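# Structural characterization, general
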Amino acid sequence: MNKITLIAILLSSVASNQAFAGPADYIFTPIVEYGEKEVEFKYGSGELQNGTSNQVGVIGFGAGIKEHWFTEMSLKNKRKGGKETNLLEWENKFQLTETGEYPVDIGAITELEAPLSSNTPWEVKVGGLLQTEIGKMQLNGNLIFKREFALAGSSFNTLMLYQLQAKYRLQPAFEFGVQSFGDMGRWNDWSRQSKRDHFVGPAVFGKINMGDRRFIKYNAAWLFGASSAAPKHTLRTQIEYEFF
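Residues numbered from 1 in each chain as written. Predicted model: local features only at pLDDT ≥ 70, side-chain atom pairs only at ≥ 80, totals over all residues. Heavy atoms only, no water.

What follows deals with the overall build of the protein chain. In terms of helices and strands, the protein chain carries one helix and 13 strands. The order of α-helices and β-strands along the protein chain, N terminus first, is α-β-β-β-β-β-β-β-β-β-β-β-β-β. Counting only residues that meet the buried cut, the protein chain has 43% of its 244 residues in that class. For the protein chain, the proportion of contacts with a sequence separation of at least 24, taken over those separated by at least 6, is 54%. Carbon and sulfur atoms make up 60% of the accessible area of the protein chain, which amounts to about 12,200 Å² in all. (Helix = DSSP H or I, 4+ residues; strand = E, 2+ residues; numbered from the N terminus. Buried < 20%, exposed > 50% of the residue type's maximum accessible area, 1.4 Å probe, protein only. Contact = heavy atoms within 4.5 Å. Areas by Shrake-Rupley, 256 points an atom, 1.4 Å probe, with all protein chains shown as cover.)

What follows is about the pattern of salt bridges. Inspection of the entire model under this criterion finds 13 salt bridges. Between Lys125 and Glu111 there is a salt bridge, with its nearest N and O atoms 3.7 Å apart. Here Glu111 lies in strand β5 (residues 105–115) and Lys125 lies in strand β6 (residues 122–134), a separation of 14 residues in the sequence. Take Lys125 and Glu111: they sit in the same class, and that class is buried. With a closest N to O distance of 4.0 Å, Glu242 and Lys217 form a salt bridge. Remark: Lys217 occurs in strand β12 (residues 214–225) and Glu242 occurs in strand β13 (residues 233–243); sequence separation between them is 25 residues. For Glu242, a relative accessible area of 1% puts it in the buried group. Overall, Lys217 belongs to the partly exposed group, its relative accessible area being 33%. Linked through salt bridges whose partners overlap, the residues forming this network are Glu33, Lys207, Lys217 and Glu242. (Salt bridge = Lys/Arg side-chain N within 4 Å of Asp/Glu carboxyl O.)

Okay, unusual backbone geometry next. What is expected of a backbone is that most residues other than glycine have negative phi and most peptide bonds are trans. Even without glycine at this site, Asn119 takes up a positive phi of about 55°. Inspection of the secondary structure puts Asn119 in the loop between β5 and β6.

This part covers the layout of surface pockets. If you add up the space inside the second largest pocket, you get close to 860 Å³. In terms of lining residues, the second largest pocket is bounded by 35 residues, among which Thr29, Glu33, Lys167, Lys217 and Glu242 are the most central. When its residues are assigned to classes, the lining of the second largest pocket shows ten nonpolar, nine polar and 16 charged. (1 Å grid on protein atoms, 1.4 Å probe; cavity = no way out; pocket = protein on both sides within 12 Å on 5 of 7 lines; lining within 4 Å. Points joined across faces, edges and corners; volume = space filled by probe spheres on them. Nonpolar A, V, L, I, M, F, W, Y, C, P; charged D, E, K, R; others polar.)

Now for the packing of aromatic side chains. The final tally for this structure, using the stated rule, is seven aromatic pairs. When the ring of Trp69 is compared with that of Phe94, the centres are 6.2 Å apart and the planes differ by 15°; the resulting orientation is stacked. With Trp69 in strand β3 (residues 69–80) and Phe94 in strand β4 (residues 83–95), this residue pair connects regions lying 25 residues apart in the sequence. When its relative accessible area of 31% is taken as the criterion, Phe94 is described as partly exposed. (Phe/Tyr/Trp six-rings, centres within 6.5 Å; stacked < 30°, edge-to-face > 60°.)

This part is about the environment of Trp90. Relative to the helices and strands, Trp90 is located in strand β4. What makes Trp90 partly exposed here is its relative accessible area of 41%. Once the C-alpha coordinates of Trp90 and Leu75 are considered, the two residues, 15 residues apart in sequence, prove to be 9.1 Å apart. Apart from the residues lying within four places of it in its own chain, the contact partners of Trp90 are Thr71, Glu72, Met73, Thr110, Glu111 and Leu112. Of the polar contacts made by the side chain of Trp90, one reaches the side chain of Thr71; its length is 2.8 Å. (Polar contact = N/O pair within 3.5 Å; in protein donor to acceptor, adjacent residues only side chain to side chain.)

Of the residues in the protein chain, 82% reach a pLDDT of 70 or more, and the chain-wide mean stands at 86. In this model residues 6–21 is a low-confidence stretch, pLDDT under 50, and it forms 48 contacts with partners more than four residues away in sequence or in other chains. (pLDDT = per-residue confidence, 0-100.)

Okay, the nonpolar core next. If you look at the biggest cluster of nonpolar residues, it comprises seven residues: Ile27, Phe181, Phe199, Ala203, Phe205, Ala221 and Leu223. Here this core takes three residues from strand β11 (residues 197–211), the largest share from any one element. Discounting chain neighbours no more than four positions away, the residues touching Ala203 are Glu175, Phe176, Gly177, Gln179, Ala220 and Ala221. In terms of nonpolar packing, the next biggest core, distinct from the first, is built from six residues, Phe28, Ile109, Leu129 and Leu161 among them. (Core = buried A, V, L, I, M, F, W, Y, C linked by side-chain atoms within 4.5 Å.)

Now the structure itself:
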């Protein structure tokens, strides 16, 4: 797959499907920095079609413990329709190709959510990550499979999600672009378009050098629902303190 083909796939996906995201979801990237440690805060708030809000806050600690393996543990708080849920999240990212060795960098992600509240299912995500650069443009496209389990008396389907991002690398402290998330429904039997969650919107990014190999990294997006099932709008942000 060359870079022009990847651009066409990403742009056509945005145009046809728009995108989906949980309020605090973010774009996974395949690159791992060995020796990096980070304290991370994520927050997202969305207005649902029925007028209620959906809010998620996450705080976590992660580290690049191997050259191609990054792992992170987080505490997550979800509030939706008056219900509050607390979870423990374990994320692992694997870089499968050397950075820049091929036209497209490839990685994989796994994520496990364990509930700390009663009557809440476990959740697992597994997916593939793609990234390429053309001049100052960075393009990301991810395909994620999600399944809930371990809740007595309930059955769940494996869902297929996607993430898309186009970012213009203006300067390290400020970059801008578009983020797009989507939920296609069951992986082997996609939902009707009206039943899918899709939204897309502008995003800003930056990495501020604090000296002595310490950095503040941020990104934020304002996402608009592009299907009748999606929240009307979502504001999401992610702030990381990185050090080596």
